[in-house]
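Breakdown of the fold
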Amino acid sequence: MGKIEGIRIQNYGPLKNVIIGRTLSHRNLQPLGNLTAVIGASGSGKSTLADVFGFIADCLELGVEAACDMNNRGGFEGILSRGADGPISFELYYRESSRLTPITYELEINLDKMGRPYIQLERLRYRVQKIGRPLSFLHLQNGKGYAFEGKEGGQDEDGNVFGGENSKAQKKEVELADIRKPGVVTLGAMKQYDRIEQFLSFLKSWYLCYFSPDEARKLQTSAPQPYLDRSGSNINNVAQYMYRENKKEFEKVLQLIQSKLPGIEKIEPQKFDNGQMMLRFWEKGFDTPFYSSRMSDGTLKLFAYYLLLHEKNPRRLVFIEEPENGLYHHYLGDLAEEMKRNLRGGYTKQFFITTHSPFFVNALSPDDVWVLAKGPDGYSVAKRAAEYPFVKELAEEGVSVGDMWYSKYFEGME
Ligand SMILES: Nc1ncnc2c1ncn2[C@@H]1O[C@H](COP(=O)(O)OP(=O)(O)O)[C@@H](O)[C@H]1O
Ligand SMILES: [Mg+2]
């Protein structure tokens with residue numbers, strides 16, 4: 001369970017100071033919903049936003065130094081917003097469920113004396129209504145600080161410890177051996193740090209989709225797997241897993257996809273003697289099926305997205321860049337509708353989509369669409385579509401957000 005209600009990004013490439021949704025410092029803003037679409041012209045910072053999530057995930061897995069050097073990021077200096085001194089920082093405003101108060105995770109990365117990136121600050125805070133100020137239950141500066149065990153308790157800015165009778169005993173001094181690895185990874189691996197463990201499991205459940213139809217077409221050898229990998233190269237294995245775990249659900253998903261792909265009459269899994277599985281697609285006009293290795297990019301992509309929406313224990317945060325590539329525009333509206341239906345309410349999963357497609361955006365409400373644009377200083381500005389003048393009025397008249405966008409309503413109004 002859990003989702004982010006907002007994110008603040010500072011000094012990450014064109015995202016010099018951007019807030020999307022609600023954060024601790026901007027608690028009056030409206031939180032993000034379960035489906036957020038990000039639109040904007042080329043160069044406005046959409047891919048950079050996707051990469052922020054990828055970067056945080058890479059920091060957890062490999063440490064900040066390796067994360068800075070990966071994915072053509074060009075090291076700390078390449079990432080850092082031009083003209084900024086640093087640090088690169090993020091604030092995630094996270095909520096586990098509607099009953100629990102939000103948690104803020106702050107991560108600040110800077111260069112050490114040797115010129116190597118390290119974690120300058122890391123903090124987890126929550127707000128207790130009765131006390132009225134945020135309490136930290138993890139606070140590390142240059143790898144040193146404290147963390148609280150258990151489910152409650154924390155320390156305020158002045159050093160006062162609150163919450164629960166044992167909270168003083170729950171406070172532990174902490175010093176990390178490696179200042180390039182986030183403390184949440186080390187401490188979250190220990191059972192006694194309940195809240196850190198829970199938050200870490202949320203961070204680890206992100207899925208950043210770089211689906212590649214060519215990868216998905218390759219013959220796959222291994223056994224059933226519960227989750228699609230980043231490129232989708234194990235799509236048959238995931239289908240096989242779903243087929244094994246819950247045939248009924250799998251058949252439902254297949255039927256759903258069939259109904260969205262007009263040329264396809266039937267999709268069937270075929271198991272070979274050696275235990276492998278391939279999907280067979282029956283197309284109108286042919287009396288023998290095609291294997292998935294021969295299917296079009298669009299068909300494979302749609303199939304992957306629908307599988308993603310129907311995971312058994314879904315990944316909690318999914319980021320997809322430009323799902324429209326290779327997809328017929330009429331399928332996109334359907335896909336957006338299906339995502340909306342599937343993601344409605346709850347704290348089980350949340351999708352972020354960057355897109356250039358008005359067809360996709362037409363299915364969404366102005367609250368769920370964020371417009372990125374380059375500001376006069378060259379840095380990105382982010383704004384909810386609903387906050388533009390005219391949008392409310394036009395939406396009430398029945399004009400869809402994608403059509404407003406296409407008609408250039410969002411341009412030149414920053
Ligand atoms: N270190 C940096 N500081 C400021 N701006 C940057 C930095 N690195 C890249 N950019 C800007 O980011 C833009 C690329 O953004 P990108 O996220 O790829 O946009 P989009 O995906 O919306 O097309 C570049 O055109 C450049 O203007
Ligand atoms: Mg891009």
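Residues numbered from 1 in each chain as written. Chains lettered and ligands numbered in written order. Predicted model: local features only at pLDDT ≥ 70, side-chain atom pairs only at ≥ 80, totals over all residues.

As a further point, take the sheet that holds strand S15 (residues 290-291). Read across the sheet, three strands follow the order S13-S14-S15 without closing on themselves; strand pairing throughout is antiparallel. Looking at the sheet topology across the chains shown, the edges are occupied by strand S13 (264-271) and S15. The pairing of S13 with strand S14 (residues 277-283) spans seven bridges and is antiparallel. Bridge pairing in S14 places Gln270 opposite Met278. (Pairing = 2+ DSSP bridges. Helix = DSSP H or I, 4+ residues; strand = E, 2+ residues; numbered from the N terminus.)

For the pair helix H10 (residues 297-309) and helix H11 (residues 329-343), the least separation of the axes is 11 Å and the interaxial angle reads 10°. One element, H10, and the other, H11, form an angle in the roughly parallel class. Of the residues in H11, those in contact with Gly298, Leu302, Tyr305 and Leu309 of H10 are Tyr331, Leu335, Glu338, Met339 and Asn342. Looking at side-chain class alone, the contact of H10 with H11 contains six nonpolar, two polar and one charged residues. (Axes fitted to C-alpha atoms, helices over the stretch in contact; angles between N-to-C directions. Parallel < 35°, antiparallel > 145°, perpendicular 65-115°, else oblique. Contact = placed C-beta atoms within 7 Å. Nonpolar A, V, L, I, M, F, W, Y, C, P; charged D, E, K, R; others polar.)

For the chain, the assigned domains are domain 1 (3-205) and domain 2 (208-364). A straight line from the C-alpha centre of domain 1 to that of domain 2 covers 32 Å. On the domain 2 side, the residues contacting the 18 residues of domain 1 number 21 residues. If you list the elements that add at least two residues to the side of domain 1 that touches domain 2, you get strand S1 (3-12), strand S3 (35-39) and helix H1 (46-62). With six residues, the top contributor of residues to the side of domain 1 that touches domain 2 is H1. In the side of domain 1 that touches domain 2, the residues fall into nine nonpolar, six polar and three charged. (Domains from an automatic or database assignment.)

For the rest of this paragraph, the subject is the sheet that holds strand S16 (residues 317-321). Sheet strands associate in pairs through backbone hydrogen bonding, adopting either a parallel or an antiparallel arrangement. The six strands are arranged S12-S16-S17-S3-S18-S19 in an open sheet whose pairing can be described as mixed. Edge strands, defined here as strands with exactly one partner in the open sheet, are strand S12 (206-209) and strand S19 (380-384). Taken over all neighbouring pairs, the strand axes of this sheet differ in orientation by 15° on average, direction set aside. Those strands touched by H1 are S3, S12, S16, strand S17 (350-354) and strand S18 (369-374), and its axis lies near 135° from that of S12.

Interhelical geometry of helix H8 (residues 235-245) versus H10 gives an angle of 40° and a closest axis separation of 11 Å. Our classification of the angle between H8 and H10 gives oblique. In this structure, the crossing between H8 and H10 has a hand that is left-handed. Mapping the contact onto sequence places Ile235, Val238, Ala239 and Met242 in H8 and Leu300, Phe303, Ala304 and Leu307 in H10. The residue inventory of the contact of H8 with H10, partitioned by class, reads eight nonpolar, no polar and no charged. (Left-handed = near helix turned anticlockwise from the far one by under 90°.)

What follows covers the environment of Leu121. Structurally, the position occupied by Leu121 is in strand S6 (residues 117-127). Classification of Leu121 by C-beta neighbours within 10 Å gives partly exposed; the count is 16. For the pair Leu121 and Gly183, spaced 62 residues apart in sequence, the C-alpha separation works out to 9.8 Å. Here Leu121 is in contact with Glu106, Glu108 and Gln141, once residues within four sequence places are set aside. (Buried ≥ 20, exposed ≤ 12 C-beta atoms within 10 Å, placed from the backbone.)

This part covers helix H6 (residues 194-204). Residues Arg195, Ile196, Phe199, Phe202 and Leu203 constitute the buried set of H6. Burial along H6 is one-sided: seen end-on, the buried residues are contained in an arc of 120°. (Arc of directions from axis to C-beta.)

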